Amino acid sequence: RRSSDLDPKLISGLLICSALGLAAYKCANQMSIRRKTEKAKKRRENALKLMENAVEQFRRENPGVQTGSILSMSLLELAESLQDGTLSPESVLYTYMGKALDLTREVNCVTDYLEECESQLQELKTRKEKGPLYGIPFSIKESIPFKGYASSCGFLQFHGILDQQDSVIVQVLKKQGAVPFVKTNVPQSLISYECSNPIYGQIGRA
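A brief report on the enclosed structure follows. (Residues numbered from 1 in each chain as written. Predicted model: local features only at pLDDT ≥ 70, side-chain atom pairs only at ≥ 80, totals over all residues. Heavy atoms only, no water.)

1. Let's talk about the overall build of the protein
Link 1 in the chain: In terms of regular secondary structure, the protein is built from 6 helices and 5 strands.
Link 2 in the chain: In the protein, the succession of helices and strands from N to C terminus is α-α-α-α-β-α-β-α-β-β-β.
Link 3 in the chain: For 206 residues, the compact-globule formula gives about 17 Å, and the C-alpha radius of gyration of the protein, at 24 Å, lies well above that figure.
Link 4 in the chain: Reported as C-alpha extents along the three principal axes, the dimensions of the protein are approximately 95 × 30 × 30 Å.
Link 5 in the chain: When the 206 residues of the protein are sorted by exposure, 36% land in the buried category.
Link 6 in the chain: Within the protein, contacts between residues at least 6 apart in sequence are counted, and of these 72% link residues at least 24 apart.
Link 7 in the chain: For the protein, the computed accessible surface area is about 12,800 Å², with 56% contributed by carbon and sulfur atoms.
Link 8 in the chain: Here the protein contributes 27 positive and 23 negative side-chain charges, whose respective centroids are spaced 8 Å apart. (Helix = DSSP H or I, 4+ residues; strand = E, 2+ residues; numbered from the N terminus. Rg over C-alpha atoms; globule rule 2.2 N^0.38 Å. Buried < 20%, exposed > 50% of the residue type's maximum accessible area, 1.4 Å probe, protein only. Contact = heavy atoms within 4.5 Å. Areas by Shrake-Rupley, 256 points an atom, 1.4 Å probe, with all protein chains shown as cover. Lys, Arg positive; Asp, Glu negative; His and termini not counted. Charge placed at Lys NZ, Arg CZ, Asp CG, Glu CD.)

And the structure:
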């Protein structure tokens, strides 16, 4: 028998083994993706719950805050009211946190709560120089690096990688007194008009 003559049974067995191996790999990969997705969603749920609890506590302790009036102010009006003390930075931050939660329930926009905003706010109040954006809350896109959080651009494989430092734009805004408080949803890879990704889903319309 020539060495080039392969046993059909052997070939069949190799093909079956290859197919089973490929199927097993795909199954394991899908299970891994599912676990990572569930972990990411659980982290987000916990973050939003933490944010919700902070807002509820502030509202209980400060029932007189006029949230509608705060939300109706322009950036200039808000900055002036914070600078002259007409508004407290806490009232503005927690008002915008509450509004962000409301919008997330409607359109699925917030991906993470930057809980450091609360301690940053207290640190701001001790500064000698307030900065022109003192107490102004702002959101950042999920793709923008913020120390201790992921900037995955909607890619699951990058979700567990936490940034080691803030991006330059975040550093500049914080130095001017602004307070980052949430991350918001992005299209996967940032190259689509459709704001959707496998981690956080799709943003709807209010």
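2. Observations regarding the nonpolar core
Link 1 in the chain: If you look at the biggest cluster of nonpolar residues, it comprises 29 residues, and the most contacted ones within it are M51, M97 and F181.
Link 2 in the chain: Those elements that provide at least two residues to this core are helix 1 (8-61), helix 3 (75-83), helix 4 (89-107), strand 1 (110-113), helix 5 (116-124) and strand 3 (179-184).
Link 3 in the chain: Looking at this core element by element, the count peaks at 7 residues for helix 4.
Link 4 in the chain: With near-sequence residues (within four places) excluded, F181 lies in contact with M51, L93, Y96, M97, A100, D112, Y113, L114, C117, P137, F138 and S139.
Link 5 in the chain: Judged by nonpolar contacts, the second largest core, of 7 residues, contains I140, F146, Y149 and V170. (Core = buried A, V, L, I, M, F, W, Y, C linked by side-chain atoms within 4.5 Å.)

3. A word on helix 5
In an α-helix there are 3.6 residues to a turn, and that puts residues three or four apart on one side.
Link 1 in the chain: Among the residues making up helix 5, those that are buried are C117, Q120, L121 and L124. Taken down its axis, helix 5 places every buried residue within 105° of arc, on the same side.
Link 2 in the chain: On its buried face, helix 5 is in contact with helix 4, strand 1, helix 6 (168-175) and strand 3. (Arc of directions from axis to C-beta.)

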